[in-house]
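Here's the letter readout for the chains.
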Amino acid sequence: MARRRQIYEGKAKILYEGPEPGTLIQYFKDDATAFNAQKKGTINGKGVLNNRISEHIFTLLGHIGIPTHFIRRLNMREQLIRQVEIVPIEVVVRNVVAGSLSKRLGIEEGQQLPRTIVEYYYKDDALGDPMVTDEHILAFGWAQQEELHDMADMAIRVNDFMCGLFAGIGIRLVDFKLEFGRIYDNEFSRIILADEISPDGCRLWDMASGEKLDKDRFRRDLGGEVEAYQEVARRLGLLPEGGETAVLDLETHRKKRGK
Ligand SMILES: Nc1ncnc2c1ncn2[C@@H]1O[C@H](COP(=O)(O)OP(=O)(O)OP(=O)(O)O)[C@@H](O)[C@H]1O
Ligand SMILES: [Mg+2]
């Protein structure tokens, strides 16, 4: 088969040209980075798990009327998506104090927030993705007022849905990051949910033990990253019970054998 044209290689995923105009193929790598890529590593099988977890959540969000870029999963590591013009803003939703919020304001991790907080970060690796307000977003034209409203509105709906989804499987949804993009119908554009939703961009704590089931295991050198991602997938019903190796695709096996 002819080699597909690569559009972009990011830290966790590769985008390839899709089969039809306006589509892309999103390939999930095992690479993990933290602290603006100052820390690098691999989590064997992560790409396979994130592909499945993101597929599952985007499909469910589609069912409650959230427009998303997801079309269908193609194989273990790839999904077909609609190409969007990414809004250069990361939308972070927080239910519990953790991570940078805890650090910046000196508030202990784990405190339940009295109300959900939505934060915006400008997507710029060179600047370390600085936090910005809606004023900056509008002043610099990164998004229009109506787009910002749509993004905030969808972020809250996604949060409400995901809080329930995870609570049902004994997981506390502490916080998560979303990315949105524009699609164009003639001269009109609208905002849809893009990128991925996976333990890479969510904080997920086991309700009973408080154990972290997300990328903080990698960030904080806690170990057991694969097991944590697998546990999330298993509880979501995406793994056959007890089938730990089922998610390891051939590529992972080859890497493990050192070839
Ligand atoms: N539907 C889409 N159409 C176009 N671009 C997309 C779409 N969904 C996600 N993206 C972009 O594709 C890239 C995915 O790769 P990855 O997540 O590895 O990037 P990253 O290393 O986090 O870098 P970045 O800072 O660019 O987000 C991101 O830049 C993301 O914004
Ligand atoms: Mg990314």
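Everything below is about the structure printed above this text.
Residues numbered from 1 in each chain as written. Chains lettered and ligands numbered in written order. Predicted model: local features only at pLDDT ≥ 70, side-chain atom pairs only at ≥ 80, totals over all residues. Heavy atoms only, no water.

Remarks on helix H4 (residues 145-167)
Its 23 residues place the ends of H4 33 Å apart at the C-alpha level, agreeing with the 33 Å of an ideal helix rising 1.5 Å per residue. Those residues of H4 not exposed but buried are Glu147, Leu148, Met151, Met154, Ala155, Val158, Asn159, Met162, Leu165 and Phe166. (Helix = DSSP H or I, 4+ residues; strand = E, 2+ residues; numbered from the N terminus. Expected span 1.5 Å × (residues − 1). Buried < 20%, exposed > 50% of the residue type's maximum accessible area, 1.4 Å probe, protein only.)

Observations regarding helix H6 (residues 225-235)
Side chains of residues three or four places apart in an α-helix project in the same direction, reflecting 3.6 residues per turn. Residues Glu225, Ala228, Tyr229, Gln230, Val232 and Ala233 constitute the buried set of H6. Buried residues along H6 sit against helix H1 (46-63), H4, strand E11 (171-185), strand E13 (202-206) and helix H5 (216-219). Downstream of H6 by a residue or two, Gly237 has a phi angle that is positive, lying close to 85°. (Contact = heavy atoms within 4.5 Å.)

Considerations on the nonpolar core
Residues Ile89, Val158, Phe166, Leu178, Leu193 and Ile197 are the most contacted members of the largest nonpolar core, which totals 48 residues. Ranked by residues supplied to this core, first place goes to H4 with eight residues. Every residue in contact with Ile197, bar those within four places of it in the chain, is listed here: Ile53, Ser54, Ile57, Phe58, Leu61, Val158, Met162, Leu178 and Cys202. Grouped together as the second largest cluster of nonpolar side chains are five residues, Ile14, Tyr16, Ile25 and Leu80 included. (Core = buried A, V, L, I, M, F, W, Y, C linked by side-chain atoms within 4.5 Å.)

Quick word on the side chain of Asp200
Residue placement: Asp200 occurs in the loop between strand E12 (188-194) and E13. Looking at Asp200, its side chain comes within polar contact range of the side chain of Asn50, at 3.3 Å. Setting aside chain neighbours within four positions, we find Asp200 in contact with Ala12, Lys46, Asn50, Lys215, Arg219 and Tyr229. (Polar contact = N/O pair within 3.5 Å; in protein donor to acceptor, adjacent residues only side chain to side chain.)

Quick notes on the sheet that holds strand E3 (residues 23-28)
Read from one edge of the open sheet, five strands run E1-E2-E3-E7-E6, paired in antiparallel fashion. At either margin of the open sheet sits one strand with a lone partner, and together these are strand E1 (6-9) and strand E6 (70-73). Adjacent strand axes in the sheet meet at a mean angle of 25°, parallel and antiparallel pairs treated alike. The pairing of strand E2 (residues 13-17) with E3 spans five bridges and is antiparallel. What sits directly across from Leu15, in E3, is Gln26. Set on the sheet, H1 makes contact with E3, E6 and strand E7 (78-82); between it and E6 the angle comes to about 130°. (Pairing = 2+ DSSP bridges. Axes fitted to C-alpha atoms, helices over the stretch in contact; angles between N-to-C directions.)

Details of the packing of H1 against H6
How two helices sit against one another is set out by the angle between their axes and by the gap between those axes. Relative orientation of the contacting elements H1 and H6 amounts to 25°, with a least axis distance of 10 Å. Put simply, H1 runs roughly parallel to H6. For the element pair H1 and H6, the recorded crossing hand is left-handed. Counted together, Lys46, Leu49, Asn50 and Ile53 of H1 and Val226, Tyr229, Gln230, Val232 and Ala233 of H6 form the full contact between these two elements. Residue classes in the contact of H1 with H6 are distributed as six nonpolar, two polar and one charged. (Parallel < 35°, antiparallel > 145°, perpendicular 65-115°, else oblique. Left-handed = near helix turned anticlockwise from the far one by under 90°. Nonpolar A, V, L, I, M, F, W, Y, C, P; charged D, E, K, R; others polar.)

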